[in-house]
Amino acid sequence: MTPPGQTEIVPAAPKTVATPAPPPPVATPEPLSAPAPSPRPTVETSRLHRLLTVGGTILGLFILYEVVTSFVAFTDDAYVRSDLVAVAPQVTGQIIEVHVVDNQDVRIGDKLFTIDPEPFQLVVNQWKAQIDRAAAQLKVAQEELALAQAALQVSTSSHTYAVQEQSRFSDLAKREFAPVSELDRANDELRRSRAEMTISTVAIAKAETDIGAHQAALELAKAQLASAQWNLDRTVVHAPNNGAITNLTIRKGDMATTGMPNVGIVDSDAWRIMANYKQYYIRDFKIGDTAWVWLDSSPWHFHKGRITGVARGFSRNPGVDKLLPYVAPTTDWIRLQRRIPVTIVLEDLPPGFKLYMGADARTVIFP
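Residues numbered from 1 in each chain as written. Predicted model: local features only at pLDDT ≥ 70, side-chain atom pairs only at ≥ 80, totals over all residues. Heavy atoms only, no water.

Draft legend 1. Focus on the overall build of the protein. Helix and strand counts for the protein stand at 3 helices and 16 strands. Looking at the protein residue by residue over its 367 residues, the buried ones come to 28%. Long-range contacts, defined here as pairs at least 24 residues apart, represent 77% of the contacts in the protein between residues at least 6 apart. (Helix = DSSP H or I, 4+ residues; strand = E, 2+ residues; numbered from the N terminus. Buried < 20%, exposed > 50% of the residue type's maximum accessible area, 1.4 Å probe, protein only. Contact = heavy atoms within 4.5 Å.)

Okay, here's the thing in structure tokens:
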């Protein structure tokens, strides 16, 4: 307790001095542990196993492919084909009637269309008249020849008599047993008979020439008539084969032009399958081998066929040689092995079975 009259001295509070933070502890590196044993031999063994597996699989597939293709030849690059007969008129004229419709079945000799026959009938009539005229002229020339020949006979007889008379009167005149006037008359008759013989001979030659000319004119008229009649008969166009009309576009009033096809007929007697086989298969194919055909137009059924031909050549360039078939060696950007067309004819098709030209097919051959 502080006595009175003194000031209590309160000691000052001690100052707090900031103590610096101790430095962070330095991490002491732990000693490294011993490395684990390397798994490389196991990885390399696994990789080698995979490579052998893949290689063996590829080799097995290749051997399987070679074995299978030795007994089975398959292609889906096949299609149905027939002959498209392009019917063109043999005369030019306006079509006045069409006897068929599109997709109609026709037989050999059926009418397809008719061209206006009137202009051709007029030509036929004209040449018939020419024949009559030439025949009449020939008859006249033949009659003239007969008259000239008769005249020659008369003039020859007259000339023979005139020669005898002239000789007789010449002898008498020399002996003065006949007047000179009689000799002159005999000489005149002789000259006249000789002239008549010449005229008759010329008339015969002319008649014979006229006969030859009229005979030639008659033969020409007959030939022209036959040609005109042939043209007239061709105004009705008939089907040249059995088949079906396809893509018919002509109508009544159209102009038909000689040599310009206007009716197409798919031949119903020439159906076949064109199968493009890789050239790898061809070595084992023989004419007469059996083939099995799947038609996309009649699926889920195999049709039996026979190989009737293997192409001996093909074009390597499209459109260069139309006499050689061309088979494209690429599909999109993949280049394929060259393929050779093989012709297959189907056997034992049921009655009324329809084939479609250009339809897809698939074929299998067991060589």
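Draft legend 2. View of the packing of aromatic side chains. If you walk through the whole model with that rule in mind, you get 5 aromatic pairs. Summarising the aromatic geometry, the rings of Tyr280 and Tyr281 are spaced 5.9 Å apart at their centres and angled 80° between planes, so their arrangement reads as edge-to-face. Ring centres of Trp294 and Trp300 lie 5.4 Å apart, and the angle between their planes is 70°; this geometry places the pair in the edge-to-face category. The exposure class assigned to Trp300 is exposed, which follows from its relative accessible area of 75%. (Phe/Tyr/Trp six-rings, centres within 6.5 Å; stacked < 30°, edge-to-face > 60°.)

Draft legend 3. Representation of the nonpolar core. By size, the foremost hydrophobic cluster in this structure holds 33 residues, and its most contacted members are Val106, Leu112, Phe113, Ile245, Val263 and Ile265. For this core, the leading source of residues is helix H2 (residues 118–174), giving 9 residues. Sequence-distant contacts of Phe113, that is, excluding residues within four places in its chain, are made with Pro89, Ile95, Glu97, Val98, His99, Thr235, Val236, Val237, Ile250, Ala256, Asn262 and Val263. Ala73, Ile273, Ile340 and Leu346 belong to the second largest nonpolar core, which has 21 residues in total. (Core = buried A, V, L, I, M, F, W, Y, C linked by side-chain atoms within 4.5 Å.)

Draft legend 4. Region of interest: the sheet that holds strand S3 (residues 93–98). Spatially, 4 strands are ordered S6-S5-S3-S8 in an open sheet, and the strand pairing comes out antiparallel. Two strands close off the open sheet at either side, each with one partner strand: strand S6 (236–238) and strand S8 (255–256). Judged from the 3 bridges that link them, S3 and strand S5 (residues 111–115) form a sheet pairing that is antiparallel. When the bridges of S5 are listed, Ile95 appears paired with Ile115. (Pairing = 2+ DSSP bridges.)

Draft legend 5. Structural view of the pattern of salt bridges. Scanning the entire structure with this criterion turns up 6 salt bridges. Residue Arg339 pairs with Asp77 through a salt bridge whose shortest N-O separation is 3.9 Å. Taken together, the residues span a long stretch of sequence, with Arg339 in strand S15 (residues 339–346) and Asp77 in strand S1 (residues 73–81) at a distance of 262 residues. The exposure class assigned to Arg339 is buried, which follows from its relative accessible area of 14%. Of the residues examined, Asp77 reaches a relative accessible area of 27% and is grouped as partly exposed. A salt bridge links Asp296 to Arg362, with the shortest nitrogen-to-oxygen separation between them at 2.5 Å. Highlighted residues: Asp296 in the loop between strand S11 (290–295) and strand S12 (298–310) and Arg362 in strand S16 (residues 360–365), separated in sequence by 66 residues. By relative accessible area, Arg362 is classed as partly exposed at 32%. (Salt bridge = Lys/Arg side-chain N within 4 Å of Asp/Glu carboxyl O.)

Draft legend 6. A look at the environment of Leu145. Mapping Leu145 onto the fold places it in helix H2. In this structure Leu145 comes out as buried when scored by relative accessible area, which is 14%. Leu145 sits 64 residues away from Thr209 along the chain, and the two C-alpha atoms are 9.7 Å apart. In this structure Leu145 touches Ile204, Ala207, Glu208 and Ile211, once residues within four positions along its chain are discounted.

Draft legend 7. Geometry of the pairing of S5. Within S5, 4 of the 5 residues are buried, which leaves the element mostly enclosed by the surrounding structure. Of the pairings in the sheet, the one linking S5 to S6 comprises 3 bridges and is antiparallel in character. Bridging from a neighbouring strand, Thr114 pairs with Val236 of S6.

Draft legend 8. Layout of the sheet that holds S15. Taken in spatial order, the 6 strands line up as S1-S10-S15-S12-S11-S16 and close into a barrel, and their pairing is antiparallel. Strand-to-strand twist in this sheet, taken as the mean axis angle between neighbours without regard to direction, amounts to 40°. Two elements, S12 and S15, share 5 bridges in a ladder whose sense is antiparallel. Considered in S15, the bridge of Val310 is made with Val342. (Axes fitted to C-alpha atoms, helices over the stretch in contact; angles between N-to-C directions.)

Draft legend 9. Fine view of the pairing of strand S9 (residues 263–267). Burial runs high along S9: 5 of the 5 residues are buried. Burial of S9 is two-sided: the residues Val263, Ile265 and Asp267 facing one way and the residues Gly264 and Val266 facing the other way are all buried. Sheet analysis places strand S2 (residues 84–87) next to S9, joined by 4 bridges and oriented antiparallel. Of the residues in S9, the one forming a bridge with Val85 is Ile265. The pairing of strand S7 (residues 243–246) with S9 spans 4 bridges and is antiparallel. Within S9, the position partnered with Ala244 by the bridge is Val266.

Draft legend 10. Broad picture of the side chain of Asn276. Tracing the chain through its elements places Asn276 in strand S10 (residues 272–278). Excluding its chain neighbours within four sequence positions, the residues that come into contact with Asn276 are Thr75, Asp77, Tyr79, Val327, Arg339, Ile340 and Pro341.

Draft legend 11. Representation of the confidence of the model for the protein in the model. Overall, the prediction assigns the protein a mean pLDDT of 83, with 79% of residues at 70 or greater. Across residues 1–21, where pLDDT falls below 50, the model places 2 contacts with residues more than four positions away in sequence or in other chains. (pLDDT = per-residue confidence, 0-100.)

Draft legend 12. A look at unusual backbone geometry. Even without being glycine, Asn247 reaches a positive phi, approximately 55°. On the basis of relative accessibility, which here comes to 58%, the residue Asn247 falls in the exposed class. At Trp300, a residue that is not glycine, the phi angle is positive and equals roughly 65°. Its place among the elements puts Trp300 in strand S12.

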